[in-house]
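# Fold and contact review
Below are the chains, spelled out letter by letter.
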Amino acid sequence: MTSSPLDNLVRIGQLKAEPPAQAEFDGLVRSGRVRLKDAENASLGLESRFDLAYNAAHALSLAALRWHGYRSENRYLVFQTLTHTLALEAPQWRVLDQAHRKRNLAEYEGDLDVDEALVAAIIRVVHAVAERVAVLGPVAKG
């Protein structure tokens, strides 16, 4: 019997198996959608839009992971598991991985180097994530 890639990540301590909760899932989705809408507001500064788009991506990606019954303490892993949680193609989740690296440089080294093209790419990917999360349905009762 083979294990799923997500179960393998639990076995090596990268993810935790945890029953999903509808209220948590709904809150993450709501947070992600609000931030995505705000990220699209061209009157905001580029750095603010980046931050909003990144946090929208994280909230919606975490919602997908939680819907499947897993939790991660590592933000990058939340993005990397999108291939398993939402069947997101590698080029898409890699945009979010790039955003994560840029966010870390800004957060820990004070170096935020983003441009309009990157923010637009993140927003496009977040829309794809949001669409896939929207069809997941109610959290399974465990």
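This text follows the structure it describes.
Keep in mind that what you see is a predicted model, and the values were worked out from it rather than measured.

## Considering the nonpolar core
Of all hydrophobic cores here, the largest spans 45 residues; its most connected members are Leu 82, Leu 96, Ile 122, Val 126, Val 129 and Val 133. Secondary structure elements with two or more residues in this core: helix H1 (5–11), helix H2 (22–39), helix H3 (46–67), helix H4 (75–80), helix H6 (90–109) and helix H7 (116–134). Among the elements that line this core, the one with the most residues is H3, at twelve residues. Ignoring sequence-local partners within four residues, the contact set of Val 133 consists of Phe 25, Val 29, Leu 60, Ala 64 and Leu 86.

## What to know about the packing of H3 against H6
The contact between H3 and H6 brings their axes to 10 Å, and the two run at 125°. Taken together, the axis directions place H3 and H6 in an arrangement best described as oblique. As H3 runs across H6, the sense of the crossing is left-handed. Taken together, the residues of H6 that come into contact with H3 (itself represented by Phe 50, Tyr 54, Ala 57 and Ser 61) are Leu 96, Ala 99, His 100, Lys 102 and Arg 103. Of the residues assigned to the contact of H3 with H6, the class counts are five nonpolar, two polar and two charged.

## As for the packing of aromatic side chains
A full pass over the atoms with the stated rule returns two aromatic pairs. Residues Phe 50 and Tyr 54 carry aromatic rings whose centres are separated by 6.4 Å and whose planes lie at 20° to one another, so their mutual orientation is stacked. Taken together, the residues span about one helical turn, with Phe 50 and Tyr 54 both in helix H3 at a distance of four residues. For the pair shown, Phe 50 and Tyr 54 are each scored as buried. With 5.7 Å between their ring centres and 75° between their planes, Tyr 54 and Phe 79 make a pair best called edge-to-face. Here Tyr 54, found in helix H3, pairs with Phe 79, found in helix H4; they are 25 residues apart in sequence, far enough to count as distant. Judged by relative accessible area, which is 1%, Tyr 54 ranks as buried. For Phe 79, a relative accessible area of 0% corresponds to the buried category. Within the aromatic cluster, the residues linked to one another by ring pairs are Phe 50, Tyr 54 and Phe 79. Arg 94 extends its terminal NZ or CZ atom over the ring of Trp 93, reaching a point 5.4 Å from the ring centre.

## Considering the packing of H2 against H7
The geometry of H2 relative to H7 is characterised by a closest axis approach of 11 Å and an angle of 150° between their N-to-C directions. As judged from the angle between their axes, H2 and H7 are roughly antiparallel. Between H2 and H7 lies a crossing whose hand is left-handed. Together, Phe 25, Val 29, Arg 33, Leu 36 and Ala 39 of H2 and Ile 123, Val 126, His 127, Val 133 and Ala 134 of H7 make up the contact between the two elements. The class makeup of the residues in the contact of H2 with H7 is eight nonpolar, one polar and one charged.

What counts and how
- Residues numbered from 1 in each chain as written.
- Predicted model: local features only at pLDDT ≥ 70, side-chain atom pairs only at ≥ 80, totals over all residues.
- Heavy atoms only, no water.
- Core = buried A, V, L, I, M, F, W, Y, C linked by side-chain atoms within 4.5 Å.
- Buried < 20%, exposed > 50% of the residue type's maximum accessible area, 1.4 Å probe, protein only.
- Helix = DSSP H or I, 4+ residues; strand = E, 2+ residues; numbered from the N terminus.
- Contact = heavy atoms within 4.5 Å.
- Axes fitted to C-alpha atoms, helices over the stretch in contact; angles between N-to-C directions.
- Parallel < 35°, antiparallel > 145°, perpendicular 65-115°, else oblique.
- Left-handed = near helix turned anticlockwise from the far one by under 90°.
- Nonpolar A, V, L, I, M, F, W, Y, C, P; charged D, E, K, R; others polar.
- Phe/Tyr/Trp six-rings, centres within 6.5 Å; stacked < 30°, edge-to-face > 60°.
- Lys NZ or Arg CZ within 6 Å of the ring centre and 35° of its normal.

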